[in-house]
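Results of the structural survey
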There are 2 protein chains.
Amino acid sequence: MGKRKITSTNTVNRDYLKNECGTMYALTLLAGRWKMTILHKLSKKDLRFTEFKLCIPNISDRMLSLHLKEMEKDGLIERKLYAEVPPKVEYKLTPSTRKLISIWDRMNVWGNNHREIQENNVQR
Amino acid sequence: MGKRKITSTNTVNRDYLKNECGTMYALTLLAGRWKMTILHKLSKKDLRFTEFKLCIPNISDRMLSLHLKEMEKDGLIERKLYAEVPPKVEYKLTPSTRKLISIWDRMNVWGNNHREIQENNVQR
DNA sequence: CCCATTTCTAACAAAATTGTGAGTTGCTAA
DNA sequence: TTAGCAACTCACAATTTTGTTAGAAATGGG
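In this text the structure is predicted, and so the values were computed from the model without any measurement.

1. Re the pattern of salt bridges
Residues and elements named next belong to chain B. Applying the stated criterion across every chain, the model contains 12 salt bridges over all chains. Across the salt bridge formed by Glu51 and Lys45, the nearest N and O atoms sit 3.9 Å from each other. With a shortest N-O distance of 2.7 Å, Lys53 and Asp61 are connected by a salt bridge. By relative accessible area, Asp61 is classed as partly exposed at 42%.

Okay, structure coming up:
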């Protein structure tokens, strides 16, 4: 997400839903093409900007940068800058975000299961 | 989502991610402004088209219709048409979707917790 | 015949997200 | 002095999602 027009019906609706309940709030933070992937990679290991680009082949500089910035603002990840040249920046999960992982495990099981059901239905 | 240009980088990336893991697949199905709300309402009670419009005040006919159609295709809900005039249609969750609800409970707890952390940070 | 009801659809417009390609900064090693 | 690296940023374009307004179809009641 870039800039939003805060008076648009679209944004008004989004904000309304975001405040409705915790689930919607969470999903709002996680929406964004590469955010889940970024978090997934970070759950294995802290990563630098260029490392992300290597392990997420199709992501562009711009999207990576945008997403990282938003996720930092949203308290999902932390940014650590080392005083080196050339610059070194490392990203890591926040403690709160680590707690999401066990939930994802269940979501993963559900997703794979549902996908199988869907594929069987389509074949008929 | 309406029609997609299947050759666009955007769609190629999306499809790639959708096949990556169950979590991403699940989130792809649930993305869409009102989908979670629709499912949440259905978790309480089966609903007709006009009933949705009453309990989700800001939703437009078009978005409701689009979402319902996609969710049916995705196996998230079922559509039951009664042979009456004027027409009567009832929507309900599929058994698979019901299993999501306990996961949402945890997501809800996480979301509310995370929101609190965030609000405290902003106040500093 | 005219109207009301219910479940949508169609055409169009606005806004948001995602992608592309090039450029920036600051230092250091050759 | 030129090149190179790491981590971005910028302007612009393409694509996708969301919203608005006006209907359509089928049928029973008055």
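2. Side note on helix α1 (residues 9–20) of chain A
Every α-helical turn comprises 3.6 residues, leaving residues that sit three or four positions apart pointing alike. All names here are of chain A. The end-to-end C-alpha separation of α1 is 17 Å, in line with the 16 Å expected for 12 residues at 1.5 Å each. The complete set of buried residues in α1 reads Thr11, Asn13, Arg14 and Leu17. Projected onto a plane normal to the axis of α1, the buried residues spread over an arc of 160° and lie on a single side. Exposed residues lying more than 90 degrees from the buried face of α1 are Thr9 and Asn19.

3. Quick notes on the nonpolar core
Within the largest apolar cluster, 58 residues are counted, with the highest numbers of intra-cluster contacts made by Ile38(A), Phe52(A), Ile77(A), Ile38(B), Phe52(B) and Ile77(B). Of the residues that make up this core, three or more belong to each of domain 1 (1–31) and domain 2 (33–105) of chain A. Excluding residues that lie within four positions of it along the chain, Ile77(A) makes contacts with Leu39(A), Leu42(A), Leu68(A), Met71(A), Glu72(A), Tyr91(A), Lys92(A), Leu93(A) and Thr94(A).

4. Some words on the domain arrangement of chain A
Residue and element names in this part refer to chain A. Segmenting chain A into domains produces domain 1 (1–31) and domain 2 (33–105). With 4 residues of domain 1 at the contact, the number on the domain 2 side is 9 residues. For the pair domain 1 and domain 2, the summed buried surface comes to about 620 Å²; carbon and sulfur atoms form 59% of the total. For the pair domain 1 and domain 2, the interface holds 0 salt bridges. Across the side of domain 1 that touches domain 2, the residue classes break down as 4 nonpolar, no polar and no charged.

What counts as what
Along each chain, the written sequence defines residue order, and numbers are assigned to residues from 1. The order in which chains are written sets their letters, starting at A; the order in which ligands are written sets their numbers, starting at 1. Reporting of local features is limited, given that this is a predicted model, to residues whose pLDDT is at least 70; pairs of side-chain atoms are given and counted only at 80 or more, and all residues count toward the totals for whole chains, interfaces and linings. The side-chain values count all of the structure's non-hydrogen atoms but skip hydrogen atoms and water molecules. Any Lys or Arg side-chain nitrogen found within 4 Å of a carboxyl oxygen on Asp or Glu counts as a salt bridge. Burial here depends on accessible area, computed with a 1.4 Å probe over protein chains only, as a share of the maximum for the residue type. Under 20% is buried, over 50% is exposed, and the range in between is partly exposed. Secondary structure counts use DSSP, requiring at least four H or I residues in a row for a helix and at least two E residues in a row for a strand, with both numbered from the N terminus. Multiply 1.5 Å by the residue count of a helix minus one, and that product is the helix's expected span. Think of it as the arc spanned by the lines of direction from the helix axis to the C-beta atoms. Grouping buried Ala, Val, Leu, Ile, Met, Phe, Trp, Tyr and Cys residues that are joined through side-chain atoms within 4.5 Å yields what is termed a nonpolar core. Domain start and stop points were drawn from an automatic or database domain assignment. Contacts are residue-level and defined by heavy atoms, with any inter-residue pair within 4.5 Å sufficient. By buried area we mean how much accessible surface two parts lose on assembly, using a 1.4 Å probe and totalling the loss over both. When residues are grouped by polarity, Ala, Val, Leu, Ile, Met, Phe, Trp, Tyr, Cys and Pro land in nonpolar, Asp, Glu, Lys and Arg in charged, and all others, Gly among them, in polar.

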